[in-house]
Amino acid sequence: MTDAAADAPILDAQGVSKRFGAVVALRDASLRVRRGEVVALMGANGAGKSTLVKILTGALRRDGGTLRIRGRDQSFGSPGAARRGGLVPVYQEPSLIPDLDLDENLRLGGTPREPFHHWVRELGIPDPPMDDPIRHLPLATLRILDLARALASEPDVLLLDEMTAALPTDLVERVLKVVREQADAGRSVIYISHRFAEISQLCDRATVLRDGATVGDLPIEPGVEEKIVTLMLGAALSPAQARAREATGPATTGTPRLRVRGLAAGTKLADVSFDLHKGEVLGVVALEGQGQDELFDALAGFRRPGGGTIEIDGQPQSFRHPADAIAAGLTLVPGDRAEALLSSRSVRENIAVPYVARPRHWGPIAMRREGAQVAQAIERLQIDTRAQGEVRRLSGGNQQKVTIARWIAGGVQTLLLFDPTRGIDVRTKRQIYALVRDLAAQGASVLFYTSELGEIQAACDRVVVIFNGRVVDVLDAQDADEPMLMRAAYGLTAREVRA
Amino acid sequence: MMRGLSRNGWVLGLVGLLILLLIVTKLIQPSFGASGLESVTRAALPFAFATAATAVVVIAGGIDLSVAAMMAVVGVTAAVLMEGAGVTQTWLVVLAVLALGAAMGALNGALVVATRLPDIVVTLAMSFVWEGVALLILKAPGGAATPWLREVILGPIAPGPVVSLIPKSLVVLAVLLMLVWLPLRRSRLGLSIYAIGSDATAAFRSGVSIGATRVAAYAIAGVLVAMGGLSVTLSTGIGEPIPGPYLLAAVAAVVLGGVVLGGGRGGLLGPIVAVFILRIVRLDLTLLSVDPNVTTIVEGTIMAVVVMLGGILAVRGRRA
C-alpha cells in the first residue's frame, strides 16, 4: 500500500444536508476520518450531531451531500447495511432488545461469540449473565455489552455517542483504553462526548458542528478547548441582547419561595441545591442529559426524588402526584408541548383546564368568569386565535404561548419553564421573555431551563449551571455571557457551589 | 434449572390451576372421564388455534382483530371445496386453505406496515372485509367436510384404559402447534418477532427489518388461523359463514397466558393452557347449572384476578 492510500480517508462525508419538514437539521455537514484516527464530533445542543450520526449509520437518509467509504460512494438504507459496510455505532440509548436475553441478542445481531467474550473481559465485565432478560441489567452494564457487541464485529469505523455518560469511573478508564487500542490497531473511531477531559486524552482531531454545518476541524493540542468553544458558539459571541431591567434586582434575602437542597433523582441527578426567590427568574443551563429533566420532573411531582429536600416558603414538601406540586404553587410548562396540551380541543378549554380541574371546582363551570380570564390571557400573550377551535392547528409558537397562558389565567406563584422556546420563531421568543419578566415583576418566581445560552441574559436574573447532576457554577445573569456559560456547562470551571 | 423455573413460573402456575380445575370437575361430576375430556378438547380446538395466532401477533407488538372473521373465510372455503372431494383433492384443499390463511394474514400485516395506521384500526377494518368475503363464498351454513378427515380429530387415539384418555384432537393440536412454533422459536425470524415487539427502535438498530418481520408475524398467525378455521369445519361437518366467538376469547387467553399486550414477552404454552382453563371453568359452571349470564361474570372476574395476581407477584419477584 502506498502512503497516499494509507492516508486516504476511510470515511468521507461532504456537504450532507437533512430537513424534517420546515426544520433544517443539517445544512452542510462534513466529516472526514482517516485510518487509525479518533475524531471527536463536537457541537452545542441542536447543532446536528445526532442527525449526522444517524445518517452515517443508515438510520436516516440524507437529502443531499456525499458519503464515501474507502473512496467509494455509499448510501446505507438501514443500520444493517451500514454494519455490513464496516460502520458500527453504539448509540446513547442501548440497542439491545430488553425482553431477550444476552444469548438471544447476540444471535439476533449475528455477533461472533469468541470476540464478544474477549471484549467484555477487556472492558471489565468478565462474566455477563447470558440468560437474564436484558431489561434486568443495569444501564452501565448494558452500555458495556453494547460496546463489546460493536467491537466484536470488528468495525472499520466505530461510532460512539456519549459512550461514557452513564458509566462509573473505573469503566470509563477501560473504555478509553480499549478505544485507544482500536485506533492504534489501525481502526477508526468517531467519538461524541461533552467531556473535554476525555477528548483531549483520547482524540486526534475534533470536527465542530454549528447550526447543521461543519465550522471547524482542529487537531487536539493544549488549549484547543477554548477554540472549540468559540467555534461552537460562532456569531452568538456578538454582544448580548440588551434588556431594560430595573436597577435593583429582586430581593435575594429572606425565606426563598423555593429552596432545593441536595436533590437527587434517577441515575443522573446527583446533588443539586439552589434558592429561588420571589420575583426572581433563575436560569438553568446544562448540556443534554446532565440531570435537568430529572430536576424538573421531581419539582413538578412526576417523579419521586431519591434524596434531598424541596421547601416552599420554608415548608418542606413531598409530592406524590403532579396535583400536589400544582397545589403547592409549582407549575411546569414541559419542553414537549404535546405533553401539555389537549391537542384537539379549543384554545379556551386548554387555557381553562388547570383552573377547572381543581377538585373544589367540581360542578358547573362558571363560563362567564372563565371566559373573561381566558380572554385576558389571550390578549396578554397576543395568541393568534384564528385557528382557536383546535390547538393542534396553531403554530408551534402559539401552542407554546397557550401552555404558558393556562397558568397565567389561574394566577401563578412559581413557574417551571423547561426549554420553552425550543423550535419557535424569534418574535415569539421575545414575547415569551417579556412575559417571563412581567410575571417576575408581579411577584412570581420562575425557574427557566434553556438550551439556548443567549436566553439567560435576555430573561434571567441569575443562572445555575448543572454538570454531571451537580451544580458547578452560579452566576449573575449579567456576567453570564455565552462563552462563560459554555465553559461552565462543559465542566471546565470545576467548582461546586450552592446558589 | 432454577432459571427454567423462574422463567416458566407463570406457565407452571397455570398448569397447576388446570389440574386443580380438572379435579374440581371430577368432584362435581364423578362420571367425568375420557369422553368428557374428548368433547372439551375438541370444543377447545378452534379457540386454541385462534389463541396461538393472536399470541404470535401480540408478541410482535401488534394485535389482530380479524382472527374470527378469517377463520370463517377459511371454514367456508374448506367446506365448499371439500364437498364430495376425494383423497387427493382433500389434501389439496387443506394445503390451499393454509396458504389462503397465510395470504390473508400477510395482507393484514402489509396493510399495517404500508398505511402506518395502528394495528387495531387496520385489523378491525379487515375483520369487516373478511366477514363479507365469508358471506360471499357461502350465504348460509352449508358445504361439507370430508368425512375421513373429520375422523382425525374425533375420539380417543386408541381404545384401551390409559391411551383412551388422550383425545386425538389434543394430539393434533400439540403436533400442529409444535410444527409451527418450535422451528420458529429457534430461528432468527422468531427472535426478530420478539425483538420488534420488545423495542422496535433497538431491533431496527440491531439490523432487523421491522416491516418484513411484522408481515411475517401476521402471515404465521394466518396459517394458525387457517388451522382454526379448518378445525371448526371438521368438528361441525359444515361451513359456517358467520364468525364464531373466537376473537375476544383468544385475546383473553393470551393475556391470561402471560403474553404481555404491547409485545416482546410470553410464549405459546401459557396461552394454550389458559384456553383449557377458560373452557373448563365454563364447563364446571354449566355442570353446576349456574345461570349462563353469571358464568360470563365469573369468567371475567377470574381473568382480572389472575392477571392482577401475576402483576403483584412479578413486582415482588423483582424486589426480592
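Just so it is clear, the model here is predicted, and its values are computed rather than measured. (Residues numbered from 1 in each chain as written. Chains lettered and ligands numbered in written order. Predicted model: local features only at pLDDT ≥ 70, side-chain atom pairs only at ≥ 80, totals over all residues.)

Considering the overall build of chain A
Right, on to step 1. What chain A contains, in helices and strands, is 18 helices and 20 strands.
Right, on to step 2. Every one of the 499 residues in chain A was classed for burial, and the buried ones make up 48%.
Right, on to step 3. At a minimum sequence separation of 6, the contacts of chain A that also span at least 24 residues come to 70%. (Helix = DSSP H or I, 4+ residues; strand = E, 2+ residues; numbered from the N terminus. Buried ≥ 20, exposed ≤ 12 C-beta atoms within 10 Å, placed from the backbone. Contact = placed C-beta atoms within 7 Å.)

Quick notes on the interface of chain B and chain A
Right, on to step 1. The interface of chain B with chain A comprises 17 residues on the first partner and 16 residues on the second.
Right, on to step 2. Listed by contribution, the elements that provide at least two residues to the side of chain B that touches chain A are α9 (188-198) and α10 (200-205) of chain B.
Right, on to step 3. A total of six residues in the side of chain B that touches chain A trace back to one element, the largest contributor, which is α9 of chain B.
Right, on to step 4. Across the side of chain B that touches chain A, the residue classes tally to seven nonpolar, five polar and five charged. (Nonpolar A, V, L, I, M, F, W, Y, C, P; charged D, E, K, R; others polar.)

A few points about the environment of Ile 302 of chain B
All names here are of chain B.
Right, on to step 1. Among the structural elements, Ile 302 can be located in helix α14 (residues 292-319).
Right, on to step 2. For Ile 302, a count of 16 C-beta atoms within 10 Å puts it in the partly exposed group.
Right, on to step 3. Put simply, Ile 302 and Leu 256 are 46 residues apart on the chain and 9.4 Å apart in space, counted from C-alpha to C-alpha.

Examining the confidence of the model for chain B
Residues and elements named next belong to chain B.
Right, on to step 1. For chain B, per-residue confidence averages 89 on the pLDDT scale, and 94% of positions sit at 70 or higher.
Right, on to step 2. In the predicted structure, residues 1-5 sits below a pLDDT of 50 and forms one contact with residues beyond four places in sequence or in another chain.
Right, on to step 3. Predicted as a complex, the structure gets a pTM of 0.75 and an ipTM equal to 0.83. (pLDDT = per-residue confidence, 0-100.)

Quick notes on the nonpolar core
Right, on to step 1. Formed by 245 residues in total, the largest nonpolar core has its most connected members in Leu 416, Phe 448 and Val 465 of chain A together with Val 56 and Val 225 of chain B.
Right, on to step 2. Inspection of this core shows a minimum of three residues originating in each of domain 1 (3-237) and domain 2 (258-489) of chain A.
Right, on to step 3. Not counting residues up to four positions away in its chain, the partners in contact with Val 465 of chain A are Val 285, Ala 286, Val 471, Val 472, Asp 473, Leu 485, Ala 488 and Ala 489 of chain A. (Core = buried A, V, L, I, M, F, W, Y, C linked by C-beta atoms within 7 Å. Domains from an automatic or database assignment.)

Digging into the confidence of the model for chain A
Residues and elements named next belong to chain A.
Right, on to step 1. Confidence along chain A averages 82 in pLDDT terms, with 84% of residues attaining 70 or more.
Right, on to step 2. Mean pLDDT values over the elements of chain A span from 54, in helix α1 (residues 3-7), up to 94, in strand β8 (residues 188-192).
Right, on to step 3. Within the model, the stretch residues 236-248 combines pLDDT values under 50 with 13 contacts to residues more than four positions away or in other chains.
Right, on to step 4. Note that pLDDT drops below 50 for residues 494-499; the model gives that stretch 18 contacts with residues more than four away or on any other chain.

Some points on helix α6 (residues 119-137) of chain B
Residue and element names in this part refer to chain B.
Right, on to step 1. Over its 19 residues, α6 runs 26 Å from end to end, which matches the ideal 27 Å to within 8%, given 1.5 Å per residue.
Right, on to step 2. For α6, every residue scored as buried is listed here: Asp 119, Val 122, Thr 123, Met 126, Ser 127, Trp 130 and Ala 134. Considered in projection along α6, the buried side chains sweep an arc of 145° and stay on one side of the axis. Away from its buried face by more than 90 degrees, α6 exposes Phe 128 and Leu 136.
Right, on to step 3. Buried residues belonging to α6 abut α4 (67-82) and α5 (87-115). (Expected span 1.5 Å × (residues − 1). Arc of directions from axis to C-beta.)

Brief notes about the pairing of strand β12 (residues 269-276) of chain A
For a regular strand, side-chain orientation follows a simple rule: the groups alternate between the two sheet faces.
Residue and element names in this part refer to chain A.
Right, on to step 1. Counting buried positions along β12 yields six of eight residues, so the element is predominantly enclosed.
Right, on to step 2. The pairing of strand β11 (residues 258-265) with β12 spans five bridges and is classified as antiparallel. Looking at the pairing, Arg 259 lines up with Asp 275 of β12.
Right, on to step 3. Connecting the antiparallel pair β11 and β12 is a turn made up of three residues, with Gly 266 showing a positive phi of about 60°. (Pairing = 2+ DSSP bridges.)

A word on the environment of Leu 269 of chain B
Right, on to step 1. Looking at where Leu 269 of chain B falls in the secondary structure, it is placed in helix α13 (residues 269-287).
Right, on to step 2. The class for Leu 269 of chain B is partly exposed, based on 18 C-beta atoms found within 10 Å.

Description of the environment of Pro 243 of chain B
All names here are of chain B.
Right, on to step 1. Topologically, Pro 243 is positioned in the loop between α11 (210-236) and α12 (246-256).
Right, on to step 2. In sequence terms Pro 243 and Thr 301 are 58 residues apart; their C-alpha atoms lie 25 Å from each other.
Right, on to step 3. Filtering out sequence-adjacent residues up to four positions away, Pro 243 remains in contact with Ala 68, Ala 69, Met 71, Ala 72 and Glu 131.

What about unusual backbone geometry?
All names here are of chain A.
Right, on to step 1. One non-glycine residue, Glu 154, adopts positive backbone phi at about 45°.
Right, on to step 2. Structurally, Glu 154 can be placed in the loop between α6 (139-152) and β7 (157-161).
Right, on to step 3. Even without being a glycine, Asn 468 presents a positive backbone phi close to 55°.
Right, on to step 4. In this structure, Asn 468 sits in the loop between β19 (462-467) and β20 (470-476).
Right, on to step 5. Exposure remark for Asn 468: the 18 C-beta atoms within 10 Å place this residue in the partly exposed category.

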